[in-house]
Amino acid sequence: MKFSVNSLCPCGSKKKYKKCCKIFHNGSLPKTALELMKSRYCAYAVGNSKYIMSTTHVLNNEYSEDKNTWEENIQNFMKDASFNSLEVIEFIDGAPEAYVTFKANIDINGVDSTFTEKSKFIKENEKWLYVSGDFNQENI
Ligand SMILES: [Zn+2]
């Protein structure tokens, strides 16, 4: 995948990556669960598995203390998938819990694997984390 910091951010903001989610990938904390969700989608798109891991709550099903295997699993998923676009459907803000419903347009090995998900986020120690998602695969 060819991607530069001057490319448009994969999260759909129409800003350059370096002026958008890269700021969060470099360590700034997203102020809202929506910013976190977008920056996680973007991390998948740019292949930043460390960011996915560091923003996943311990209660998440994917969370693992075996960081090497976990990272390998994320990287395998990223390798096979292309992240075409993101559409935010609903954002229910709150603290410490917030919800984002979104549609992720992705292909896996060239097959349309677009899905919608209602994600739950929790803010802990000033940091938003991804907890869980109700996942719906579409039949297109
Ligand atoms: Zn972005």
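Up top is the structure these notes are about.
Participant: Help me understand the pattern of salt bridges, please; the structure alone is not making it clear to me.
Facilitator: When charged atoms on two side chains of opposite charge get close, those side chains can pair. This model, assessed by the stated rule, comprises 4 salt bridges. Note that Glu65 and Lys67 form a salt bridge whose closest N and O atoms lie 3.8 Å from each other. Lys67 gets classed as partly exposed once you look at its relative accessible area, which sits at 34%. For Asp80, the salt bridge is made with Lys79, and the minimal N-O distance between the two is 3.8 Å.

Participant: Teacher, can you tell me more about the coordination of the zinc ion here?
Facilitator: Put simply, a metal with four donors set out as a tetrahedron has ideal angles of 109.5 degrees, and one with six donors set out as an octahedron has ideal angles of 90 or 180 degrees. The coordination sphere of the zinc ion, as far as protein atoms go, consists of Cys9 (SG), Cys11 (SG), Cys20 (SG) and Cys21 (SG), spread over 2.2 to 2.3 Å. Counting the intervening residues between successive donors of the zinc ion yields the motif C-x1-C-x8-C-C. Here Cys9, found in the segment before helix H1 (21-25), pairs with Cys20, found in the segment before H1; they are 11 residues apart in sequence, far enough to count as distant. Judged by relative accessible area, Cys20 falls into the buried class, the value being 10%.

Participant: Where do I start with unusual backbone geometry in this structure?
Facilitator: Comment: phi is negative for the bulk of residues other than glycine, and the bulk of peptide bonds are trans. Looking along the chain, the bond that leaves Ala95 and enters Pro96 is cis, with omega of 5°. Positive phi is not limited to glycine here, since Lys14 has a value of about 70°. Notably, Asn125 is not glycine yet its phi reads approximately 50°, a positive angle. For Asn125, the position within the fold is in the loop between strand S4 (115-124) and strand S5 (127-137). Overall, the relative accessible area of 76% leaves Asn125 in the exposed class.

Participant: Looking at this structure, how should I read helix H4 (residues 67-80)?
Facilitator: Think of an α-helix as 3.6 residues a turn; residues three or four steps apart then line up on the same face. The terminal C-alpha atoms of H4, which comprises 14 residues, lie 20 Å apart, in line with the 20 Å expected from a rise of 1.5 Å per residue. Along H4, the residues that are buried comprise Trp70, Glu71, Ile74 and Met78. For H4, the angular spread of the buried residues around the axis is 95°, confining them to a single face. Facing away from the buried surface of H4 by more than 90 degrees, the exposed residues are Asn68, Glu72 and Lys79. In this fold, the buried residues of H4 make contact with helix H2 (33-46), helix H3 (49-54) and strand S1 (81-92).

Participant: What is the right way to look at the packing of aromatic side chains in this model?
Facilitator: Working definition: an aromatic ring pair is given by the centre-to-centre distance plus the angle between the planes. A complete count under the given rule lists 9 aromatic pairs for this structure. Aromatic side chains Phe77 and Phe83 sit 5.9 Å apart centroid to centroid with 80° between the ring planes, which places their arrangement in the edge-to-face category. A residue is classified by how much of its surface remains accessible, and Phe77, at 32% relative accessible area, is partly exposed. The residue whose ring lies beneath Lys118 is Tyr99, and the NZ or CZ to ring-centre distance is 5.2 Å.

Participant: What am I meant to see in the environment of Phe135 here?
Facilitator: For Phe135, the location among the structural elements is in strand S5. Sequence separation between Phe135 and Glu117 is 18 residues, and the spatial gap between their C-alpha atoms is 4.5 Å.

Participant: Help me out: how do you make sense of the pairing of S4 in this one?
Facilitator: Working note: regular strand, side chains alternate between the two faces of the sheet. Where strand S2 (residues 97-108) lies against S4, 8 bridges are found, and the strand directions are antiparallel. Following the sheet pairing, Lys103 is matched in S4 by Thr116. The pairing of S4 with S5 spans 10 bridges and is antiparallel. In the sheet register, Lys120 faces S5, and the bridge partner there is Ser132. Hairpin geometry of S4 and S5 is characterised by an intervening segment of 2 residues between the two adjacent antiparallel strands and by a positive phi of about 50° at Asn125.

Cut-offs and rules
- Residues numbered from 1 in each chain as written.
- Predicted model: local features only at pLDDT ≥ 70, side-chain atom pairs only at ≥ 80, totals over all residues.
- Heavy atoms only, no water.
- Salt bridge = Lys/Arg side-chain N within 4 Å of Asp/Glu carboxyl O.
- Buried < 20%, exposed > 50% of the residue type's maximum accessible area, 1.4 Å probe, protein only.
- Donors = N, O, S within 2.8 Å, 3.2 Å for Na, K, Ca; no water.
- Helix = DSSP H or I, 4+ residues; strand = E, 2+ residues; numbered from the N terminus.
- Expected span 1.5 Å × (residues − 1).
- Arc of directions from axis to C-beta.
- Contact = heavy atoms within 4.5 Å.
- Phe/Tyr/Trp six-rings, centres within 6.5 Å; stacked < 30°, edge-to-face > 60°.
- Lys NZ or Arg CZ within 6 Å of the ring centre and 35° of its normal.
- Pairing = 2+ DSSP bridges.

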